[in-house]
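# Descriptive structure summary
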Amino acid sequence: MSVNAVNSAPVDAPKKKSSSSVAAPTIGLGVVGAGAGYLAGGKRPSLEEVFKMAPDTFESHVKEAKDEVKTEADKIGEEIKKLNDENGEFVPDKAKKEAFDSQVNGQKLADDAAETKALEKANENYDKKLLEELNKDKKDGEKLAKAADASEEARKAAAEAIKDSDEAKAVKTAEDNVRAAKEKLVRESADENVKKVVKEFDEAVQAATENKNKKIAELAGKDDMKNAFAKIKKLFPKEGKGKAALLWGGIAAAVGLIAGLVLGGSKKEA
């Protein structure tokens, strides 16, 4: 069975967020340098570095905040969401992004490509996890043989329940790797028309990122944001050689291609 009981797609094609086919940039061009400083120094991130975090990364740090601290965290969190709104002002020109995506999505990876096989395996493991969730409260005689036998509503509920599982994360990683491999093919194309699309897209990403970084600098200079950050700063541990190393290391790897700058956090769907 394909990874999704509801959505099916070619095994080498990353699944898309249901809300839009145009992913929002979640990592600014300056984030690798900022992350490297955080990593090397073993210190807490600056306010600007926090604004450059993806919304889910920020939320993972502040999810336990309560009372006044939560109120202050929410102020910064709302600005981070605006910075990463896929329909907002800090995204590449839509037409140029769509032209580039069309080229990427048109690529076909070999069936035996490492990225293809990794996605197949991740899908298989996810399907097993989804089936386990669907059968969790069922008696032996009621257990489903496959997730597709469950109702769409049940599959969606099960997918929501396991959205943070290792299996769901592995599929997201595999999908991103497939996307990166396809993008590499596009960027290596000798076709002049394709080169033009790539150049225009890269310029659009650069312009959007500069716009975003300008806004981040503006936000980081505001007293209310500084005061809010002072209240929540301790929620960001000094983990230069631990979890933060994994976080920033993963980001650095992702931005080896410009895709790392524009891939949104696609979610696993039932």
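Residues numbered from 1 in each chain as written. Predicted model: local features only at pLDDT ≥ 70, side-chain atom pairs only at ≥ 80, totals over all residues. Heavy atoms only, no water.

Moving on: the overall build of the protein. Tallying secondary structure elements over the protein gives 12 helices and zero strands in all. Along the protein, helices (α) and strands (β) appear in the sequence α-α-α-α-α-α-α-α-α-α-α-α when read from the amino end. Working note: accessible area of the protein is about 14600 Å², and carbon and sulfur atoms make up 49% of it. (Helix = DSSP H or I, 4+ residues; strand = E, 2+ residues; numbered from the N terminus. Areas by Shrake-Rupley, 256 points an atom, 1.4 Å probe, with all protein chains shown as cover.)

For the structure shown, the criterion picks out three aromatic pairs. Centre to centre, the rings of Phe100 and Phe201 are 4.1 Å apart; their planes meet at 10 degrees, and the pair counts as stacked. One end of the pair, Phe100, is in helix α5 (residues 94-105); the other, Phe201, is in helix α9 (residues 192-220), and 101 residues separate them in sequence. A relative accessible area of 0% places Phe201 in the buried class. Seen from their ring centres, Phe229 and Phe236 are 6.4 Å apart, and the 45 degrees between their planes marks the pair as tilted. The class of Phe229 is buried, set by a relative accessible area of 7%. A residue is classified by how much of its surface remains accessible, and Phe236, at 0% relative accessible area, is buried. One aromatic cluster in this structure is built from Phe58, Phe229 and Phe236. (Phe/Tyr/Trp six-rings, centres within 6.5 Å; stacked < 30°, edge-to-face > 60°. Buried < 20%, exposed > 50% of the residue type's maximum accessible area, 1.4 Å probe, protein only.)

Our next topic: the pattern of salt bridges. As enumerated under the stated definition, the model contains 19 salt bridges in all. Here Asp202 and Arg187 are joined by a salt bridge, their closest N and O atoms 2.7 Å apart. Of the two residues, Asp202 sits in helix α9 while Arg187 sits in helix α8 (residues 166-187), which places them 15 residues apart along the sequence. Since its relative accessible area comes to 27%, Arg187 is described here as partly exposed. The closest approach of N and O atoms between Lys196 and Glu200, which form a salt bridge, is 2.8 Å. With Lys196 and Glu200 both in helix α9 and four residues apart, this pair spans about one turn of that helix. Residue classification places Lys196 among the partly exposed positions, given a relative accessible area of 49%. Looking at Glu200, the relative accessible area reads 28%, which means it is partly exposed. The structure contains a network of salt bridges with shared partners spanning Lys97, Asp101, Arg179, Glu183, Arg187 and Asp202. (Salt bridge = Lys/Arg side-chain N within 4 Å of Asp/Glu carboxyl O.)

One non-glycine residue with positive phi stands out, namely Asp67, at about 50 degrees. When you line up the elements, Asp67 lands in helix α4 (residues 67-83). Judged by relative accessible area, which is 67%, Asp67 ranks as exposed.

Now for a negative patch on the surface. On the surface, Asp111, Asp112, Glu120 and Glu124 cluster together into a negatively charged patch. Examined against the element boundaries, Glu120 turns out to sit in helix α6 (residues 114-135). Glu120 gets classed as partly exposed once you look at its relative accessible area, which sits at 32%. (Patch = residues over 30% accessible without salt bridge, like charges linked within 9 Å, V, L, I, M, F, W, Y side chains within 5 Å. Lys, Arg positive; Asp, Glu negative; His and termini not counted. Charge placed at Lys NZ, Arg CZ, Asp CG, Glu CD.)

Our focus in this paragraph is the confidence of the model for the protein. Scored by pLDDT, the protein has a mean of 81; 73% of the residues are at 70 or more. Across residues 1-40, confidence stays below pLDDT 50; counting only partners more than four residues off in sequence or on other chains, it has 125 contacts. (pLDDT = per-residue confidence, 0-100. Contact = heavy atoms within 4.5 Å.)

What follows concerns the packing of helix α3 (residues 55-62) against α4. Relative to each other, α3 and α4 sit at 170 degrees, their axes nearing to 10 Å. Our classification of the angle between α3 and α4 gives roughly antiparallel. Across from Pro55, Phe58 and Val62 in α3, the residues of α4 making contact are Ala73, Ile76, Gly77 and Ile80. Partitioning the contact of α3 with α4 into residue classes produces six nonpolar, one polar and no charged. (Axes fitted to C-alpha atoms, helices over the stretch in contact; angles between N-to-C directions. Parallel < 35°, antiparallel > 145°, perpendicular 65-115°, else oblique. Nonpolar A, V, L, I, M, F, W, Y, C, P; charged D, E, K, R; others polar.)

Between its terminal C-alpha atoms α8 stretches 31 Å, which fits the 32 Å expected from 22 residues at 1.5 Å a residue. Considered for burial, the residues of α8 that qualify are Ala168, Val171, Ala174, Glu175, Val178, Arg179, Ala181, Lys182, Glu183 and Val186. (Expected span 1.5 Å × (residues − 1).)

Now for α3. Those residues of α3 that fall on the buried side of the exposure criterion are Thr57, Phe58 and Val62. Projected onto a plane normal to the axis of α3, the buried residues spread over an arc of 125 degrees and lie on a single side. (Arc of directions from axis to C-beta.)

Another aspect to go through is the environment of Ser165. Its location among the elements puts Ser165 in the loop between α7 (152-161) and α8. A polar atom in the side chain of Ser165 sits 2.7 Å from the backbone oxygen of Ile162. (Polar contact = N/O pair within 3.5 Å; in protein donor to acceptor, adjacent residues only side chain to side chain.)

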